[in-house]
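Descriptive structure summary
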Amino acid sequence: MSANEQIPGFLEAALERGLPREHVATRVRLATAVVLVAAGWFVVPVAASAQGRDGFYLRGDFGDSDALTMRARIEGIDQPTRCDRLLYPDPAAVPRDPACSGHTSGVLATVEFNRGAETMTSATALALGYARGRLRVEAELSNTMLGGTSAPMLDAGQLAAERVDEWSAVERPQARLSGFSINDLFVNVHLDFSNSSRFTPFLGVGGGVSTVILTFEGLRVRRTLADGFAPTGGIAPAVGEAVPAWQTRAAGTADYMSFPVAESTLGTNLIGGVAFEANERFSIMFRGRYSRYRDVQKAGKWDLVRSHGPVLADGRTPATFDLVLGDIAAYSGTISFVYGL
(Lines give C-alpha, C1' and ligand atoms only; values in the text may rest on other atoms or scores of the structure.)
Protein backbone atom coordinates (compact mmCIF):
# COMPACT_ATOMS: atom_id res chain seq x y z
CA MET A 1 0.00 0.00 0.00
CA SER A 2 1.40 3.43 -0.96
CA ALA A 3 1.70 6.47 1.26
CA ASN A 4 -1.17 8.25 -0.55
CA GLU A 5 -3.47 5.28 0.04
CA GLN A 6 -2.65 5.27 3.76
CA ILE A 7 -3.48 8.98 4.34
CA PRO A 8 -7.30 8.84 3.77
CA GLY A 9 -7.58 5.95 6.21
CA PHE A 10 -5.58 7.89 8.75
CA LEU A 11 -7.90 10.93 8.25
CA GLU A 12 -11.12 8.89 8.76
CA ALA A 13 -9.76 7.30 11.95
CA ALA A 14 -8.85 10.68 13.38
CA LEU A 15 -12.27 12.18 12.68
CA GLU A 16 -13.98 9.20 14.27
CA ARG A 17 -12.00 9.89 17.49
CA GLY A 18 -13.48 13.44 17.54
CA LEU A 19 -10.32 15.43 16.83
CA PRO A 20 -10.84 18.93 15.37
CA ARG A 21 -10.59 19.04 11.61
CA GLU A 22 -7.69 21.61 11.65
CA HIS A 23 -5.71 19.32 13.98
CA VAL A 24 -6.39 16.43 11.69
CA ALA A 25 -5.20 18.43 8.67
CA THR A 26 -1.96 19.32 10.47
CA ARG A 27 -1.32 15.70 11.32
CA VAL A 28 -2.01 14.71 7.76
CA ARG A 29 0.58 17.17 6.49
CA LEU A 30 3.12 15.91 9.07
CA ALA A 31 2.47 12.31 8.13
CA THR A 32 2.90 13.12 4.46
CA ALA A 33 6.22 14.87 5.14
CA VAL A 34 7.51 11.92 7.18
CA VAL A 35 6.63 9.48 4.41
CA LEU A 36 8.32 11.60 1.75
CA VAL A 37 11.48 12.12 3.84
CA ALA A 38 11.66 8.39 4.59
CA ALA A 39 11.33 7.60 0.90
CA GLY A 40 14.00 10.15 0.06
CA TRP A 41 16.35 8.66 2.68
CA PHE A 42 16.35 5.33 0.86
CA VAL A 43 16.18 6.56 -2.73
CA VAL A 44 18.47 9.64 -2.90
CA PRO A 45 21.71 8.11 -1.45
CA VAL A 46 21.49 5.16 -3.83
CA ALA A 47 21.16 7.46 -6.82
CA ALA A 48 23.97 9.73 -5.57
CA SER A 49 26.42 6.88 -4.92
CA ALA A 50 25.97 5.57 -8.43
CA GLN A 51 26.11 8.98 -10.07
CA GLY A 52 29.41 9.52 -11.91
CA ARG A 53 30.93 6.20 -10.80
CA ASP A 54 29.53 3.30 -12.78
CA GLY A 55 31.02 2.85 -16.24
CA PHE A 56 34.37 3.33 -17.97
CA TYR A 57 36.88 6.03 -17.10
CA LEU A 58 40.39 7.23 -17.94
CA ARG A 59 43.06 7.99 -15.33
CA GLY A 60 46.37 9.82 -15.72
CA ASP A 61 49.05 10.02 -12.99
CA PHE A 62 51.91 12.43 -12.38
CA GLY A 63 54.19 12.30 -9.34
CA ASP A 64 57.46 11.25 -7.76
CA SER A 65 59.05 7.93 -6.85
CA ASP A 66 62.03 6.32 -5.14
CA ALA A 67 63.56 2.86 -4.84
CA LEU A 68 63.90 0.92 -1.63
CA THR A 69 66.82 -1.41 -0.88
CA MET A 70 67.84 -3.51 -3.88
CA ARG A 71 70.53 -6.17 -3.82
CA ALA A 72 72.80 -7.36 -6.62
CA ARG A 73 75.19 -10.26 -6.90
CA ILE A 74 77.73 -11.00 -9.58
CA GLU A 75 78.29 -14.68 -10.36
CA GLY A 76 81.21 -15.91 -12.41
CA ILE A 77 84.75 -17.29 -12.35
CA ASP A 78 87.18 -15.42 -10.11
CA GLN A 79 90.88 -16.36 -10.09
CA PRO A 80 93.85 -15.04 -8.09
CA THR A 81 95.78 -12.17 -9.64
CA ARG A 82 99.00 -14.21 -9.62
CA CYS A 83 97.41 -16.69 -12.07
CA ASP A 84 97.01 -14.26 -14.97
CA ARG A 85 99.40 -15.48 -17.68
CA LEU A 86 99.17 -12.13 -19.51
CA LEU A 87 101.10 -10.56 -16.61
CA TYR A 88 104.13 -12.86 -17.11
CA PRO A 89 106.90 -12.01 -19.61
CA ASP A 90 108.01 -15.64 -19.41
CA PRO A 91 105.12 -18.11 -20.03
CA ALA A 92 107.11 -20.84 -18.28
CA ALA A 93 106.79 -18.92 -15.00
CA VAL A 94 102.97 -19.01 -14.98
CA PRO A 95 101.67 -20.97 -11.93
CA ARG A 96 99.92 -24.22 -12.76
CA ASP A 97 98.37 -25.12 -9.41
CA PRO A 98 94.62 -25.98 -9.11
CA ALA A 99 93.69 -22.44 -8.00
CA CYS A 100 94.88 -21.13 -11.38
CA SER A 101 93.56 -23.89 -13.62
CA GLY A 102 90.11 -24.22 -12.03
CA HIS A 103 87.04 -22.74 -13.71
CA THR A 104 84.45 -23.05 -10.96
CA SER A 105 81.74 -20.41 -11.09
CA GLY A 106 80.36 -18.81 -7.94
CA VAL A 107 79.32 -15.52 -6.37
CA LEU A 108 82.33 -13.22 -6.65
CA ALA A 109 80.81 -9.91 -5.48
CA THR A 110 77.68 -8.49 -3.86
CA VAL A 111 76.17 -5.00 -3.80
CA GLU A 112 73.42 -3.52 -1.66
CA PHE A 113 71.84 -0.35 -3.01
CA ASN A 114 70.21 1.35 -0.04
CA ARG A 115 70.92 5.06 -0.45
CA GLY A 116 67.89 5.98 -2.52
CA ALA A 117 68.01 7.84 -5.81
CA GLU A 118 70.78 10.37 -6.39
CA THR A 119 69.21 11.78 -9.56
CA MET A 120 65.75 12.95 -10.63
CA THR A 121 62.86 10.51 -10.32
CA SER A 122 59.23 10.46 -11.49
CA ALA A 123 56.11 8.31 -11.68
CA THR A 124 53.55 8.47 -14.50
CA ALA A 125 50.70 6.20 -15.51
CA LEU A 126 47.75 5.90 -17.87
CA ALA A 127 44.86 3.58 -17.04
CA LEU A 128 41.52 2.52 -18.48
CA GLY A 129 39.12 1.46 -15.77
CA TYR A 130 35.58 0.28 -15.19
CA ALA A 131 33.64 1.09 -12.04
CA ARG A 132 30.67 -0.82 -10.70
CA GLY A 133 29.42 0.27 -7.30
CA ARG A 134 32.33 0.21 -4.87
CA LEU A 135 34.60 -1.88 -7.09
CA ARG A 136 36.91 -0.61 -9.83
CA VAL A 137 39.03 -2.68 -12.21
CA GLU A 138 41.84 -1.07 -14.21
CA ALA A 139 44.28 -1.95 -16.95
CA GLU A 140 47.29 0.28 -16.20
CA LEU A 141 50.46 1.16 -18.08
CA SER A 142 52.95 2.93 -15.82
CA ASN A 143 56.53 4.17 -15.89
CA THR A 144 58.56 4.61 -12.70
CA MET A 145 61.83 6.50 -13.16
CA LEU A 146 64.19 5.65 -10.30
CA GLY A 147 67.25 7.55 -11.49
CA GLY A 148 70.70 6.41 -10.43
CA THR A 149 72.55 5.40 -7.30
CA SER A 150 75.85 3.82 -6.25
CA ALA A 151 77.06 1.45 -3.53
CA PRO A 152 80.22 -0.48 -2.52
CA MET A 153 80.99 -3.71 -4.36
CA LEU A 154 81.97 -6.28 -1.74
CA ASP A 155 84.03 -9.39 -2.41
CA ALA A 156 82.42 -12.76 -1.88
CA GLY A 157 83.47 -16.37 -2.32
CA GLN A 158 86.78 -18.12 -1.65
CA LEU A 159 88.98 -15.16 -2.66
CA ALA A 160 87.23 -12.58 -0.47
CA ALA A 161 89.81 -12.78 2.33
CA GLU A 162 92.90 -12.37 0.15
CA ARG A 163 91.35 -9.56 -1.89
CA VAL A 164 90.76 -7.29 1.12
CA ASP A 165 94.24 -5.71 0.88
CA GLU A 166 94.44 -5.84 -2.89
CA TRP A 167 92.00 -3.06 -3.77
CA SER A 168 92.87 0.61 -3.64
CA ALA A 169 92.05 2.35 -0.37
CA VAL A 170 91.48 5.61 -2.26
CA GLU A 171 89.00 4.27 -4.80
CA ARG A 172 87.17 1.36 -3.26
CA PRO A 173 85.30 -1.13 -5.50
CA GLN A 174 82.02 0.51 -6.49
CA ALA A 175 78.92 -0.38 -8.46
CA ARG A 176 76.50 2.10 -9.98
CA LEU A 177 73.03 2.02 -11.49
CA SER A 178 72.00 4.70 -13.97
CA GLY A 179 68.90 5.24 -16.09
CA PHE A 180 66.99 2.93 -13.73
CA SER A 181 63.30 2.68 -14.66
CA ILE A 182 60.50 0.12 -14.51
CA ASN A 183 57.63 -0.17 -17.00
CA ASP A 184 54.55 -1.99 -15.70
CA LEU A 185 51.52 -3.44 -17.46
CA PHE A 186 49.26 -4.25 -14.52
CA VAL A 187 45.66 -5.17 -13.81
CA ASN A 188 44.50 -3.52 -10.57
CA VAL A 189 41.37 -4.01 -8.47
CA HIS A 190 40.23 -1.22 -6.12
CA LEU A 191 37.68 -1.03 -3.34
CA ASP A 192 36.11 2.38 -2.64
CA PHE A 193 34.95 3.23 0.88
CA SER A 194 31.87 5.34 0.14
CA ASN A 195 30.67 7.99 2.58
CA SER A 196 28.49 11.08 2.65
CA SER A 197 31.33 13.47 1.70
CA ARG A 198 32.93 14.07 -1.68
CA PHE A 199 36.15 12.41 -0.49
CA THR A 200 36.35 8.65 -1.06
CA PRO A 201 39.24 6.61 0.42
CA PHE A 202 40.25 3.50 -1.51
CA LEU A 203 42.58 0.50 -1.40
CA GLY A 204 43.78 -1.68 -4.24
CA VAL A 205 46.00 -4.56 -5.29
CA GLY A 206 47.29 -5.67 -8.64
CA GLY A 207 50.06 -7.20 -10.65
CA GLY A 208 51.29 -8.13 -14.06
CA VAL A 209 54.33 -7.96 -16.34
CA SER A 210 57.18 -5.51 -15.79
CA THR A 211 60.34 -4.52 -17.65
CA VAL A 212 63.37 -3.44 -15.62
CA ILE A 213 65.66 -1.06 -17.53
CA LEU A 214 69.04 0.22 -16.29
CA THR A 215 72.76 0.43 -16.95
CA PHE A 216 74.99 -1.40 -14.47
CA GLU A 217 78.61 -0.38 -13.92
CA GLY A 218 81.27 -1.95 -11.72
CA LEU A 219 84.84 -0.81 -11.07
CA ARG A 220 87.62 -2.40 -9.00
CA VAL A 221 91.03 -0.68 -8.88
CA ARG A 222 94.15 -2.29 -7.42
CA ARG A 223 96.68 -0.53 -5.26
CA THR A 224 99.91 0.81 -6.68
CA LEU A 225 103.27 -0.42 -5.43
CA ALA A 226 103.69 2.87 -3.60
CA ASP A 227 100.46 2.12 -1.74
CA GLY A 228 101.71 -1.34 -0.75
CA PHE A 229 100.22 -3.59 -3.43
CA ALA A 230 101.10 -7.09 -2.26
CA PRO A 231 98.57 -9.69 -3.46
CA THR A 232 98.71 -13.32 -2.41
CA GLY A 233 101.89 -14.87 -3.86
CA GLY A 234 103.63 -11.51 -4.20
CA ILE A 235 106.15 -9.62 -2.08
CA ALA A 236 105.53 -6.57 0.08
CA PRO A 237 107.23 -3.68 -1.77
CA ALA A 238 108.66 -2.25 1.46
CA VAL A 239 110.81 -5.27 2.39
CA GLY A 240 113.52 -4.42 -0.11
CA GLU A 241 113.30 -7.63 -2.13
CA ALA A 242 112.81 -7.67 -5.88
CA VAL A 243 109.11 -7.44 -6.73
CA PRO A 244 108.04 -10.09 -9.31
CA ALA A 245 107.28 -8.83 -12.80
CA TRP A 246 103.65 -10.02 -12.69
CA GLN A 247 103.09 -8.06 -9.46
CA THR A 248 104.56 -4.91 -10.96
CA ARG A 249 102.34 -5.25 -14.03
CA ALA A 250 99.20 -5.91 -11.94
CA ALA A 251 99.75 -2.92 -9.64
CA GLY A 252 97.26 -0.12 -10.33
CA THR A 253 95.24 -2.13 -12.86
CA ALA A 254 91.44 -2.16 -12.94
CA ASP A 255 88.53 -4.50 -13.57
CA TYR A 256 85.59 -2.73 -15.22
CA MET A 257 82.14 -3.64 -16.52
CA SER A 258 79.37 -1.55 -18.05
CA PHE A 259 76.36 -3.04 -19.78
CA PRO A 260 72.63 -2.33 -20.28
CA VAL A 261 69.84 -4.37 -18.73
CA ALA A 262 66.31 -4.56 -20.16
CA GLU A 263 64.69 -7.68 -18.76
CA SER A 264 61.08 -8.69 -18.17
CA THR A 265 59.82 -9.99 -14.84
CA LEU A 266 56.64 -10.20 -12.77
CA GLY A 267 55.52 -7.52 -10.34
CA THR A 268 52.83 -6.78 -7.79
CA ASN A 269 51.65 -3.62 -6.07
CA LEU A 270 49.60 -2.29 -3.18
CA ILE A 271 47.66 0.93 -3.68
CA GLY A 272 45.99 3.37 -1.33
CA GLY A 273 44.67 6.89 -1.48
CA VAL A 274 41.69 9.21 -1.51
CA ALA A 275 39.58 10.56 -4.38
CA PHE A 276 37.82 13.93 -4.53
CA GLU A 277 34.77 14.07 -6.78
CA ALA A 278 34.84 17.49 -8.44
CA ASN A 279 31.72 16.85 -10.53
CA GLU A 280 29.79 14.07 -12.17
CA ARG A 281 32.59 13.16 -14.59
CA PHE A 282 35.82 14.54 -13.15
CA SER A 283 37.73 13.44 -10.01
CA ILE A 284 41.16 14.07 -8.53
CA MET A 285 43.01 11.35 -6.61
CA PHE A 286 45.98 11.39 -4.27
CA ARG A 287 47.48 7.94 -4.80
CA GLY A 288 50.29 6.03 -3.07
CA ARG A 289 51.81 2.86 -4.49
CA TYR A 290 54.25 0.23 -3.21
CA SER A 291 55.62 -2.28 -5.74
CA ARG A 292 57.76 -5.40 -5.57
CA TYR A 293 59.32 -7.41 -8.38
CA ARG A 294 60.81 -10.84 -8.91
CA ASP A 295 64.55 -11.24 -9.50
CA VAL A 296 66.10 -10.14 -12.78
CA GLN A 297 69.11 -11.94 -14.27
CA LYS A 298 71.30 -10.82 -17.17
CA ALA A 299 74.50 -12.32 -18.59
CA GLY A 300 77.36 -9.92 -19.25
CA LYS A 301 81.05 -9.66 -20.07
CA TRP A 302 83.79 -7.68 -18.37
CA ASP A 303 85.14 -4.74 -20.38
CA LEU A 304 88.53 -4.92 -18.66
CA VAL A 305 90.23 -7.50 -16.46
CA ARG A 306 93.45 -6.25 -14.84
CA SER A 307 93.44 -3.48 -17.48
CA HIS A 308 93.71 -5.91 -20.39
CA GLY A 309 91.11 -7.64 -22.55
CA PRO A 310 88.18 -9.45 -20.87
CA VAL A 311 89.72 -12.93 -20.58
CA LEU A 312 90.38 -15.28 -17.68
CA ALA A 313 93.79 -16.24 -16.33
CA ASP A 314 94.47 -18.62 -19.26
CA GLY A 315 94.48 -15.63 -21.61
CA ARG A 316 91.81 -17.15 -23.90
CA THR A 317 88.53 -17.88 -22.11
CA PRO A 318 86.11 -14.90 -22.13
CA ALA A 319 85.56 -13.38 -18.70
CA THR A 320 81.77 -13.52 -18.44
CA PHE A 321 79.40 -13.25 -15.49
CA ASP A 322 75.73 -13.23 -14.52
CA LEU A 323 74.22 -10.20 -12.81
CA VAL A 324 71.28 -11.03 -10.53
CA LEU A 325 69.14 -8.18 -9.18
CA GLY A 326 66.91 -9.12 -6.25
CA ASP A 327 64.64 -7.55 -3.64
CA ILE A 328 63.57 -4.92 -6.18
CA ALA A 329 61.02 -2.61 -4.57
CA ALA A 330 59.84 0.94 -5.17
CA TYR A 331 57.23 3.37 -3.96
CA SER A 332 55.57 6.41 -5.51
CA GLY A 333 53.14 9.19 -4.71
CA THR A 334 51.05 10.75 -7.48
CA ILE A 335 48.19 13.08 -8.27
CA SER A 336 45.69 11.35 -10.54
CA PHE A 337 43.15 12.95 -12.84
CA VAL A 338 40.11 10.79 -13.58
CA TYR A 339 37.56 11.42 -16.31
CA GLY A 340 34.39 9.35 -16.69
CA LEU A 341 33.59 8.25 -20.24
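Placed above this text is the structure.
A short tour of the structure in this document, coming up.

About the cut-offs
Residues numbered from 1 in each chain as written. Predicted model: local features only at pLDDT ≥ 70, side-chain atom pairs only at ≥ 80, totals over all residues. Heavy atoms only, no water. Helix = DSSP H or I, 4+ residues; strand = E, 2+ residues; numbered from the N terminus. Areas by Shrake-Rupley, 256 points an atom, 1.4 Å probe, with all protein chains shown as cover. Contact = heavy atoms within 4.5 Å. Phe/Tyr/Trp six-rings, centres within 6.5 Å; stacked < 30°, edge-to-face > 60°. Buried < 20%, exposed > 50% of the residue type's maximum accessible area, 1.4 Å probe, protein only. Disulfide = S-S within 2.5 Å. Pairing = 2+ DSSP bridges. Polar contact = N/O pair within 3.5 Å; in protein donor to acceptor, adjacent residues only side chain to side chain. Salt bridge = Lys/Arg side-chain N within 4 Å of Asp/Glu carboxyl O. Core = buried A, V, L, I, M, F, W, Y, C linked by side-chain atoms within 4.5 Å.

**Some remarks on the overall build of the protein**
Counting its secondary structure elements, the protein contains five helices and 12 strands. As presented, the protein carries roughly 17700 Å² of accessible surface, and 62% of it is formed by carbon and sulfur atoms.

**Describing the environment of alanine 299**
Looking at the secondary structure, you find alanine 299 in strand β10 (residues 296–301). When the C-alpha positions of alanine 299 and phenylalanine 259 are compared, they lie 9.5 Å apart, and in sequence the two are 40 residues distant. Ignoring sequence-local partners within four residues, the contact set of alanine 299 consists of Phe259, Phe321 and Asp322.

**Side note on the packing of aromatic side chains**
Applying the stated criterion across every chain, the model contains eight aromatic pairs. Taking 6.2 Å as the distance between ring centres and 55° as the angle between the ring planes, the aromatic pair formed by phenylalanine 216 and phenylalanine 259 counts as tilted. Remark: phenylalanine 259 occurs in strand β8 (residues 254–277) and phenylalanine 216 occurs in strand β7 (residues 199–221); sequence separation between them is 43 residues. Classification of phenylalanine 216 as buried rests on a relative accessible area of 0%.

**Description of the state of the cysteines**
Considering all chains together, one arrives at one disulfide under this definition. Disulfide partner of cysteine 83: cysteine 100, at an S-S distance of 1.9 Å. Looking down the S-S bond of the cysteine 83 and cysteine 100 bridge, the torsion is -65°, so its handedness is left-handed. Of the two residues, cysteine 83 is situated in the loop between β2 (70–77) and α3 (98–101) and cysteine 100 in helix α3; the sequence distance between them amounts to 17 residues. Cysteine 100 matches cysteine 83 in its accessibility class, with the two residues each being buried.

**Section: the pairing of strand β3 (residues 105–113)**
Here eight bridges tie β2 to β3, and the two strands are oriented antiparallel to one another. Across the sheet, residue arginine 71 finds its bridge partner in β3, namely glutamate 112. Alignment of β3 against strand β5 (residues 135–155), held across three bridges, turns out to be antiparallel. Along β5, the bridge assignment pairs valine 111 with methionine 153.

**Regarding the side chain of arginine 289**
In this fold, arginine 289 is placed in strand β9 (residues 282–293). The class of arginine 289 is buried, set by a relative accessible area of 8%. A distance of 2.6 Å separates a polar atom in the side chain of arginine 289 from a polar atom in the side chain of aspartate 184. Each residue touching arginine 289, except ones within four places of it in the same chain, is listed here: Glu140, Ser142, Thr144, Asp184, Phe186, Asn269, Leu270, Ala330, Tyr331 and Ser332.

**Focus: the side chain of serine 142**
When you line up the elements, serine 142 lands in strand β5. What makes serine 142 buried here is its relative accessible area of 6%. Apart from residues lying up to four places away in sequence, serine 142 is in contact with Thr124, Ala125, Ile182, Asn183, Asp184 and Arg289.

**So, the pattern of salt bridges**
Should the charged atoms of two oppositely charged side chains come close, the side chains can pair. Summed over all chains, the structure comprises 20 salt bridges. For arginine 306, the salt bridge goes to aspartate 84, with nearest N and O atoms at 2.7 Å. Of this pair, arginine 306 sits in the loop between β10 and β11 (320–326) while aspartate 84 sits in the loop between β2 and α3, and the two are 222 residues apart along the sequence. A relative accessible area of 6% places arginine 306 in the buried class. A relative accessible area of 0% means that aspartate 84 is categorised as buried.

**Let's talk about the pairing of β9**
Every second residue of β9 is oriented toward a common face, the buried set being Ser283, Met285, Arg287, Arg289, Ser291 and Tyr293 and the non-buried set Phe282, Ile284, Phe286, Gly288, Tyr290 and Arg292. Strand direction decides the pairing type here: β8 and β9, joined by 11 bridges, are antiparallel. When the sheet's bridge partners are listed, glycine 272 is paired in β9 with glycine 288. As defined by bridge partners, β9 adjoins strand β12 (residues 328–340) across 12 bridges and the pair is classed as antiparallel. Bridged to glycine 288 within β12 is glycine 333.

**Concerning the nonpolar core**
Of all hydrophobic cores here, the largest spans 33 residues; its most connected members are Ile74, Phe113, Phe180, Phe216, Leu323 and Ile328. Contributing elements (two or more residues each) for this core: β2, β3, β5, β6 (174–192), β7, β8, β11 and β12. Looking at this core, the element that brings in the most residues is β6, giving five residues. With residues up to four places along the chain from it excluded, the contact list for phenylalanine 180 reads Ala67, Met70, Thr144, Met145, Leu146, Gly147, Val212, Ile213, Leu214 and Ile328.

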